[in-house]
Amino acid sequence: MTAPLVKFEHATLGYGRRVVLSDLSFDIPPGDFLGLVGPNGAGKTTILRAILGSLKPMSGSVTIALGLRFGYVPQRDSVDYNFPLKVTDVVMMGRYDRIGVGRRPTREDRQRAIDALDHVGIADLAERQLSALSGGQKQRTLIARALVGEPNILVLDEPTNGMDLVSTTQILSLIRELHERDNITVLMVSHALNEVANYVERIALTLEGSFRIGNVDEIMNEQVLSGMYGIPVEVDRFDGHRIVVARRLATRERLTGTGGEQRHD
Amino acid sequence: MISTVWLFKDALYGALVIALACSVLGVYVVLRRIVFVGAALAEISSAGIALALWLSGRGLGGELTHHPVVFALLFGLAGALFFSVGQATRAGVPPDATIGVTYAVAAAAGILLIAKATVGEAHDIFLQGNILGITRTDTFVLLGIAIPVLLAHLFFYKEFLFVSFDRETARTLGFHVATWNAFLYFTLGLVIAFAMQFAGVMLVFNFLVLPAVTGLLLARSMGAIFAIAIGSAIVSAIVGFTLSVPFDLPSGPAIIAASGVLASIAWLARRGLRRA
């Protein structure tokens, strides 16, 4: 059996004395395509920081496979587009650690950057200014930057945030294509369950301090989701796609909040 | 006119060294949106000088107080460390408010200490700067600081760029972001502490901000923004200085005015390019 890339063993995560999530135990095996889903404030970023090694568990352990290379794609808006950088310059940053401190990128590094851009379908934008690109093109640039470092696992933080329907579909399709074509392990963090559920193979759902992980079929059923969200939830299928719909609450439930209203801050 | 300016050539060389060093660092200051960190660091360094003068006037602090530059340096570097750590941890107060508080307190402390200092005759000139007073020795001292700082920025350009542009990704690739940030702020504190003694708070702030803004308005690559920032800082230093001597104008404000004209031309050129 292949060793997992990331292994949580009874890990409790939090900041200072405040516990965000407790007793987490799960693995991310090689070849996995995992969606980490939950509303804002539910602990997704906390889990992500533990995986990326910038947050130590309060108890238990989070083990990262030796020599594991992350291909990290940050939230698109966390990047400062004020910098006058060309698309290739940004992509080459994904190789900065391989290039070494104090050294300059070589012609090979530049070629690899262009190859990575080609891999995500925007080689023709290599000489364009990053700030001049559309949201989808910026996202592809950041994905290319993550890939150029030849990572073992691609980690994407809210890759479709703020995108329209077309761009969202294109980016999610690209991520799935990369997973299938290159067999790269993917961890995709998102607040949008309906978007993620139709692309990933496994889902880790975090809500109000609770956490559940399983195959898409295990998580995307009415019993599990109704229990997690605390309101009646329907999982419908349309043309092979799963759609989660919250059932309309009765008037009394809406007025009193007894339907298990969730905080989505 | 040229012969008059030539009398002050050492001062001009000193001003050019300050312009060069500050304009390079200013690119990071502007792009990272920490322009008021530059102003606050200059005020903190000036408060260090004021403290040295105050202690010296009271016969306190011994020999050390005869070298205000040491105080300026210590204060400047302490300020740089404070701001670099603040950037990393983000304690409850918003970063810009922290900078504002530091600026106001340092400026007031400097003025109060100077008001009660009894040594020296032109304290305010020390704080405001006196470009014309730069000697050849001062220029060599400035070069001794500027050259290692500029070489560090040339050598570690890639690292400074990465932690400035996208610190989260840099961290995931194993870059020690806090250390690189502290190093960047260290070079900033070092240059400001030395430069402000000669150029004063206002002119140092000008060289940190206006040339980089001029570069940002016109450049389409990082190389170009550095080149334009350096070029405009040098040109404004030469033009402002050259005009200030024969017309008996204060050199610092004259240089700042020249920087302002160049930034305005860059802004107009940018508008023109967008419309074209």
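Throughout this description, residue numbers start from 1 for each chain and increase along the sequence as written. Chains carry letters and ligands carry numbers; both start at the beginning, A for chains and 1 for ligands, and go up in the order they are written. Local features in this predicted model are restricted to residues whose pLDDT is 70 or higher, and side-chain atom pairs enter the listing and the counts only when it is 80 or higher, whereas totals over whole chains, interfaces and linings include all residues. Think of the side-chain values as coming from all heavy atoms in the structure, minus any hydrogens and water.

Enquirer: Can you tell me about the overall build of chain A, naming the residues and giving the values?
Expert: Helix and strand counts for chain A come out as 10 helices and 11 strands. By the compact-globule yardstick of 18 Å for 265 residues, chain A fits well, its C-alpha radius of gyration being 20 Å. In terms of principal-axis extent, the alpha carbons of chain A reach across some 65 × 40 × 40 Å. Counting every atom, chain A has about 12,500 Å² of accessible surface; 47% of that belongs to carbon and sulfur. Within chain A, the 33 negative side-chain charges are centred at a point lying 5 Å from the centre of the 31 positive side-chain charges. A run of H or I in DSSP counts as a helix once it spans at least four residues, and a run of E counts as a strand once it spans at least two, with each numbered from the N terminus. Each radius of gyration is computed over the set of C-alpha atoms, and the globule rule expresses the reference value as 2.2 Å times the number of residues to the power 0.38. Accessible surface is estimated by sampling points in the Shrake-Rupley manner with a 1.4 Å probe; for residues, cover comes only from the protein chains shown. Two residue types count as positive, namely Lys and Arg, and two as negative, namely Asp and Glu; His and chain ends fall outside the count. In plain terms, the charge of a residue is placed at NZ if it is Lys, CZ if Arg, CG if Asp and CD if Glu.

Enquirer: Give a detailed account of the packing of helix α7 (residues 136-155) of chain B against helix α10 (residues 177-218) of chain B, specifying residues and quantitative values.
Expert: Helix-helix packing: each pair is described by the crossing angle between the helix axes and the interaxial distance. All names here are of chain B. Whenever a helix is involved, its axis is fitted only over the stretch in contact; in every case the axis is a line through C-alpha atoms, and angles between N-to-C directions fall within 0 to 180 degrees. Put simply, α7 and α10 touch, their axes get as near as 10 Å, and they point 160° apart. By the criterion of interaxial angle, the relationship of α7 to α10 is roughly antiparallel. For the crossing formed where α7 meets α10, the hand is left-handed. Along the contact surface, α7 presents Asp138, Val141, Leu142, Ile145, Val149, Ala152 and His153, while α10 presents Phe183, Leu184, Thr187, Leu190, Val191, Phe194, Ala195 and Phe198. Grouping the amino acids of the contact of α7 with α10 by side-chain chemistry returns 12 nonpolar, 2 polar and 1 charged. Oblique is the label for every angle not falling under 35 degrees (roughly parallel), over 145 degrees (roughly antiparallel), or within 65 to 115 degrees (roughly perpendicular). Helix crossings fall into two classes, left-handed where the near helix is turned counterclockwise from the far one by less than a right angle and right-handed where it is turned clockwise. Here, residues are in contact when the closest pair of their heavy atoms is within 4.5 Å. Only Asp, Glu, Lys and Arg are considered charged in this grouping, and only Ala, Val, Leu, Ile, Met, Phe, Trp, Tyr, Cys and Pro are considered nonpolar; every other residue, Gly among them, is considered polar.

Enquirer: Outline empty space enclosed by the protein, listing residues and values.
Expert: We place a 1 Å grid over just the protein atoms. Points where a 1.4 Å probe fits but has no way out form a cavity, open points with protein on both sides within 12 Å along at least 5 of 7 lines form a pocket, and any residue with an atom within 4 Å of a point lines it. Grid points are joined across faces, edges and corners, and a volume is the space filled by probe spheres set on the points. Under the defined criterion, the tally for this structure stands at 3 cavities of 30 Å³ or more. Considering the residues around the largest cavity, the lining is formed by Arg69, Phe70, Gly71, Tyr72, Gly94, Arg145, Ala146, Gly149 and Pro151 of chain A together with Thr169, Thr172 and Leu173 of chain B. Taken together, the elements giving at least two residues each to the lining of the largest cavity come down to β5 (70-73) and α5 (135-148) of chain A together with α9 (167-172) of chain B. Top contributing element to the lining of the largest cavity by residue count: β5 of chain A, with 3 residues. Residues of the lining of the largest cavity, tallied by class, amount to 5 nonpolar, 5 polar and 2 charged.

Enquirer: Break down the pairing of strand β11 (residues 241-246) of chain A for me, with residues and values.
Expert: Residue and element names in this part refer to chain A. Here, strands pair whenever DSSP counts at least two bridges between them. Note that strand β10 (residues 233-238) and β11 share 6 bridges and pair antiparallel. When the sheet's bridge partners are listed, Val233 is paired in β11 with Ala246. The hairpin formed by β10 and β11 contains 2 residues between the paired strands, and Asp239 there has a positive phi angle of roughly 50°.

Enquirer: So what's going on with α10 of chain B? Which residues, and what values?
Expert: Three or four residues apart is the spacing at which side chains of an α-helix point the same way, because the helix has 3.6 residues per turn. Residue and element names in this part refer to chain B. The length a helix should cover is 1.5 Å for every residue beyond the first. Between its terminal C-alpha atoms α10 stretches only 29 Å, short of the 62 Å expected from 42 residues at 1.5 Å a residue. Gly200 marks where α10 bends most, by close to 115°. Categorising residues by exposure relies on relative accessible area from a 1.4 Å probe, with only protein chains included: less than 20% of the type maximum marks a residue as buried, more than 50% marks it as exposed, and the intermediate range marks it as partly exposed. In terms of burial, α10 is largely enclosed, as 31 of its 42 residues are buried. Fitting axes to the seven residues that end at a residue and to the seven that start at it, the angle between those axes gives the bend at that residue.

Enquirer: Give me the sheet that holds strand β2 (residues 18-28) of chain A: which residues, what numbers.
Expert: Residue and element names in this part refer to chain A. The strand order across the open sheet built from 3 strands is β2-β1-β4, with neighbouring strands paired in antiparallel fashion. The open sheet is flanked by β2 and β4 (59-64), the only strands paired with a single partner. Going from strand to strand, the sheet's axes swing by 30° on average, the running direction of each strand aside. Both strand β1 (residues 6-15) and β2 contribute to a ladder of 7 bridges, which runs antiparallel. Looking at the pairing, Gly14 lines up with Val19 of β2.

Enquirer: How would you explain unusual backbone geometry if you had to name every residue and give the values?
Expert: The phi torsion at Glu158 of chain A lies on the positive side, around 45°, for a residue other than glycine. Secondary-structure assignment places Glu158 of chain A in the loop between β6 (153-157) and α6 (165-182). Despite not being glycine, Asp248 of chain B shows a phi value in the positive range, around 55°. What makes Asp248 of chain B exposed here is its relative accessible area of 70%.

Enquirer: Got a sec to walk through the side chain of Arg140 of chain A? Specific residues and values, please.
Expert: Residues and elements named next belong to chain A. By the secondary structure assignment, Arg140 is in helix α5. Of the side chains with opposite charge, Glu177 comes closest to the buried, unpaired Arg140, at an N-O distance of 6.9 Å. As used in this structure description, the phrase polar contact means that two N or O atoms lie within 3.5 Å; if the pair is within protein, one of them must be able to donate a hydrogen and the other to accept it, and residues adjacent in sequence are counted only when both atoms belong to side chains. For Arg140, the side chain forms a polar contact with the main-chain oxygen of Val120, separated by 2.7 Å. Salt-bridge detection follows one rule: a side-chain nitrogen of Lys or Arg within 4 Å of a carboxyl oxygen of Asp or Glu.

Enquirer: Pulling in residues and values, what's your account of the pattern of salt bridges?
Expert: Residue and element names in this part refer to chain B. If you walk through the whole model with that rule in mind, you get 19 salt bridges over all chains. Among the ionic pairs, Glu168 bridges to Arg171, the shortest N-O distance being 2.7 Å. Taken together, the residues span about one helical turn, with Glu168 and Arg171 both in helix α9 at a distance of 3 residues. Here Glu168 falls in the partly exposed class, since its relative accessible area comes to 29%.

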